[in-house]
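Fold and geometry: a report
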Amino acid sequence: MPEYPDITVYLEALSGRLGGATLTGIRLGSPFLLRSVTPTIPEMVGRRLTGMRRLGKRLVFCLADDYALVLHLMIAGRLKWERQGAPLPRKLGLAAFDFDVGSLVLTEAGSKRRASLHLVHGNAGLAPFDRGGLELFDATLDQFAAVLAANNHTLKRFLTDPRLISGVGNAYSDEILHHARLSPLVLSSKLNATQVATLFDACRHVLGEWTERLRAEVGAGFPTKVTAFREEMAVHGRYGKPCPVCQTPVQRIRYADNETNYCPTCQTAG
């Protein structure tokens, strides 16, 4: 699932292409994508894009008169920038957002259709999508520590709960915890002041570093390699491979559809 670094780079690439553009149409390839009834698609068409923002792991396209498109890519949703009116891919195409400067095509791999689109109006329409999680680059250490202390969860769950932390998911939580040298299973309320500061710094360092890496990779182009699995990552998706710090094979904890990767030497004392 695209997380803070991916969403940020998507936003930057789209803002550079769509600044002041007018939405001329929305073509749906799957009726399951649209999850709202009002406002309607015709009410959105013809409106100028006034800005873009991130809301957790969602992309928000702000339109004139306080209308907005709220798009959640979920696990396999991806965006492609195409010429105006480009056709939808036959099997993977979910929607095309046509602007007077080009078309943004949404695809989703796999058989399950999890990506979602909501059309909303006003702050009241956007409010249900704000899960309330702390924005790490806007928060202070004291604010971060207060959220940690108030919730007795494992650190893995703490980092990936959108009601507590905004924009972090399965991939970058693994990287953050490895950088902080903390076990994914330790309880958030049990950290001492030094560990809290270390975790806070790790969150900002890892997200900031990966955002810069993705920016450099994309350059003036459009993001085409949005993935949760990257060879340069320390532990995420690297089960059985050597930890880049101590060379111990990376281990995993599997539960439901998720997997936590960690180094048993660096993070859990063996």
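Above this note sits the structure.
Here's a quick rundown of the structure. (Residues numbered from 1 in each chain as written. Predicted model: local features only at pLDDT ≥ 70, side-chain atom pairs only at ≥ 80, totals over all residues. Heavy atoms only, no water.)

1. Describing the packing of aromatic side chains
- Inspection of every chain in the model, using the stated rule, returns six aromatic pairs.
- Taking the centre distance of 5.9 Å and the plane angle of 45° together, the rings of Tyr10 and Phe222 count as tilted. A residue pair is termed long-range when its members are at least 10 positions apart, and Tyr10 in helix H1 (residues 4–18) and Phe222 in the loop between helix H7 (193–218) and strand S9 (251–255) qualify at 212 residues.
- In textbook terms, an aromatic cluster arises when at least three aromatic residues are bridged by ring pairs, as seen for Phe144, Phe158 and Phe200.
- In this arrangement the basic side chain of Arg213 is found over the ring face of Trp210, its NZ or CZ atom lying 4.5 Å from the centre. (Phe/Tyr/Trp six-rings, centres within 6.5 Å; stacked < 30°, edge-to-face > 60°. Helix = DSSP H or I, 4+ residues; strand = E, 2+ residues; numbered from the N terminus. Lys NZ or Arg CZ within 6 Å of the ring centre and 35° of its normal.)

2. A short note on the side chain of Asp174
- Inspection of the secondary structure puts Asp174 in helix H6 (residues 170–180).
- For Asp174, a relative accessible area of 1% puts it in the buried group. (Buried < 20%, exposed > 50% of the residue type's maximum accessible area, 1.4 Å probe, protein only.)

3. Brief notes about the layout of surface pockets
- The volume enclosed by the largest pocket comes to roughly 980 Å³.
- As for the largest pocket, its lining consists of 39 residues, of which Met1, Ile75, Gly169, Asn170 and Asn258 are closest to the centre.
- The volume enclosed by the second largest pocket comes to roughly 170 Å³.
- Every residue along the wall of the second largest pocket is listed here: Glu175, His178, His179, Arg181, His205, Val206, Glu209, Trp210, Arg213, Glu232, Ala234 and Val245.
- Put simply, the parts of the chain that give the lining of the second largest pocket at least two residues each are H6 and H7.
- Looking at the lining of the second largest pocket element by element, the count peaks at five residues for H7. (1 Å grid on protein atoms, 1.4 Å probe; cavity = no way out; pocket = protein on both sides within 12 Å on 5 of 7 lines; lining within 4 Å. Points joined across faces, edges and corners; volume = space filled by probe spheres on them.)

4. Some remarks on the sheet that holds strand S6 (residues 93–99)
- The four strands are arranged S1-S6-S7-S5 in an open sheet whose pairing can be described as antiparallel. The two strands at the open ends of the sheet, each matched to only one other strand, are strand S1 (23–28) and strand S5 (77–82). Averaged over neighbouring strand pairs, the angle between their axes works out to 15° when direction is ignored.
- Sheet topology note: the S1/S6 ladder contains five bridges and is antiparallel. Each bridged residue has a counterpart across the sheet, and for Leu23 the counterpart in S6 is Phe99.
- Packed onto the sheet, H1 meets S5, S6 and strand S7 (102–108) and runs at close to 25° relative to S5. (Pairing = 2+ DSSP bridges. Axes fitted to C-alpha atoms, helices over the stretch in contact; angles between N-to-C directions. Contact = heavy atoms within 4.5 Å.)

5. What to know about the side chain of Ser188
- Checked against the element boundaries, Ser188 lands in the loop between H6 and H7.
- A polar contact is formed between the side chain of Ser188 and the backbone oxygen of Leu148, at a distance of 3.5 Å.
- Residues in contact with Ser188, not counting those within four places in the same chain, are Leu148, Asn151, Asn152, His153, Leu155 and Phe158. (Polar contact = N/O pair within 3.5 Å; in protein donor to acceptor, adjacent residues only side chain to side chain.)

6. Overview of the sheet that holds strand S3 (residues 58–63)
- Pairing is antiparallel across the open sheet formed by four strands, whose spatial order is S2-S3-S4-S8. Only two strands of the sheet have a single neighbouring strand rather than two, namely strand S2 (49–55) and strand S8 (116–121). Adjacent strand axes in the sheet meet at a mean angle of 20°, parallel and antiparallel pairs treated alike.
- Looking at chain direction, S3 and strand S4 (residues 67–72) are connected through six bridges and run antiparallel. In the strand pairing of S4, Cys62 is matched with Ala68.

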